Amino acid sequence: MPPNDTETDLRSRDDDRLVDVLVVGAGPVGLALAGDLARRGVDVWIVDALPAPTSESRAIVLHSRTLDHLEAHGVLPEIMKRGIVSTGMEFHSGGESIATLSFESIDAVHRHSVSLLQTDTEAVLAGRLAQLGVVVERSTTFTGYQQTDDDVAAAVTDRDGVSRTIRARYLVGADGARSAVRHAMGERLEGDFVGEDFLLADVDGDHPYEPSHFHTFLSTGDTTVLVFPLPAGRVRVMAQLPPGTDPDRAVTQEWAQQALDDRGVDLRIRSAHWLARFRLKHGQVARYRVGRVFLAGDAAHIHSPAGGLGMNTGIQDAMNLGWKLAAAVHGHGDDALLDSYQAERRPVAAEVIAFSTRISTMGTIKNPVAQHIRNAVVRFGFALPVVQDRLAEKVEEQRVRYLGSPIVGGGGHAIRPGDFLHLHDSPVAAALARTTGHLVIALRPTTERGDAEAAALPVGVVPLDISDDDRDRLVDATGLRGGGVVIVRPDGYVGFIGPVTDAAGALRYDVLSASRSAADPSPADT
């Protein structure tokens, strides 16, 4: 049993109620996970130490792959209503624009990001959760847990200092970079802890930059600046601070303006909504799961803000874990299915850490000759369509896939088990919003024999009707010219490609998982 902060026997104070899943942390990751669980018929309880939702804007970008998930979650229209569309990333150096990375040509349903305040993202997710009958229990601090083979006893303390126990089949820590659940698990973040020091400001200001783009200002010294347009004309500024900056210096609007001026950013601040300073480190835990306890989001991994991938990676953790926990709760999933959460998500976080670190390193080259070479590479490299598309897909997280996962099976060509499946007009996301199970796409004309075989598929697999064009595309991409099925998992990724006669066995996760290696797969960024 992992160590935790509670020495007394928590089970002596168990409440009568046993919930399916306790989620600790009501930020975007915890809210997304709780909502996904609730819509799948899971009895979920979510607690947070804060007395109210944060009033700070914090994470502000939702990338394309996250939008795919939020569409299936049923909240994308409200997200679009509150946010603004960002269609690319512009790079600047020496007072000029040297390249633009466009998102509009990527192979995706949503060929853009959406920028909005984290307060709005949380409000939308909390509203969806409330529609599902779940309300966040606030001013409730997690202090430790004990677990057996059957359940977890989590100790919490309420606003009046009264301690009690919440019993759950599973516990998920989505409680951020200082995660109490992670500490109770005995896990720690492992990685590069030199850290990056940032000055952060959300401001009203005047600038000449394209409002539909993110902007990266490559440094001529040893720091860089990121500028993100926000709704209502606001702007997020993230200015990297040089080593040796006074750690006690007060964050002011004047300092923010000075940081912009010193770095050649033509932005005049009129007023500031939020000013902060933070030091970011790079790392992740070795284990995302210990028995019945899991970690998601910043509790499991932290990295540079370059690329704006932190909250997105966390929400995608939630969408990967939610359906697996629901399957386990309902008796359709085993330990191998739950283990696949780490097998699939940990390599993704490792690649996000590496990618965001590379962006930061590129932006802070000090040598003038190296800076000139960097600018030339950016300028001419981004002019190549293949480079454009590859990098845009990387930033928008459309290259996240689970090839080699222990819970996918079959084979394919351009589309393979573990790929995310997006089709014209997004019928997959729309269908996943209507059902909590897997989807099956038949790639041959329905026959009497085909109906009989389809009847043998596991419970929860529902047919998905697609256009003839998409069907032809899938036949070519999978190589199933003689017929077969594509089965889409509840998170939108392909779980199986092959003959319908093999599909039932493939979706029995105990059978499939036992026949494959459980080692961490590569994120397969090919």
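Overview of the structure. (Residues numbered from 1 in each chain as written. Predicted model: local features only at pLDDT ≥ 70, side-chain atom pairs only at ≥ 80, totals over all residues. Heavy atoms only, no water.)

On to the nonpolar core. With 68 residues, the main nonpolar core has V21, L22, I46, I79, L171 and L325 as its most contacted residues. In terms of residue count, the dominant contributor to this core is helix α7 (residues 310–329) (9 residues). With residues up to four places along the chain from it excluded, the contact list for L22 reads W45, V47, A154, I166, A168, Y170, L171 and V172. The next biggest cluster of nonpolar side chains, apart from the first, holds 33 residues, and it includes I98, L101, I106 and L200. (Core = buried A, V, L, I, M, F, W, Y, C linked by side-chain atoms within 4.5 Å. Buried < 20%, exposed > 50% of the residue type's maximum accessible area, 1.4 Å probe, protein only. Helix = DSSP H or I, 4+ residues; strand = E, 2+ residues; numbered from the N terminus. Contact = heavy atoms within 4.5 Å.)

Following the criterion strictly, the structure yields 30 salt bridges and no others. Of the charged contacts in the structure, one is a salt bridge between D202 and R236, with a shortest N-O distance of 2.4 Å. Separated by 34 residues along the polypeptide, D202 in strand β11 (residues 190–206) and R236 in strand β14 (residues 234–240) bring together distant segments of the chain. The same class applies to D202 and to R236, which are both buried. Notably, a salt bridge pairs D335 with R289, separated by 2.9 Å at the nearest N-O pair. Residue D335 is located in helix α8 (residues 335–363), and its partner R289 is located in strand β16 (residues 289–290); the two are separated by 46 residues in the primary sequence. (Salt bridge = Lys/Arg side-chain N within 4 Å of Asp/Glu carboxyl O.)

Along the chain, the position of S304 falls in the loop between β18 (301–302) and α7. You can call S304 buried: its relative accessible area is 1%. Distance from S304 to G283, taken between C-alpha atoms, is 9.8 Å for residues 21 residues apart in sequence.

Let us now look at the environment of A318. Looking at the secondary structure, you find A318 in helix α7. With near-sequence residues (within four places) excluded, A318 lies in contact with V29, A32, L33 and D36.

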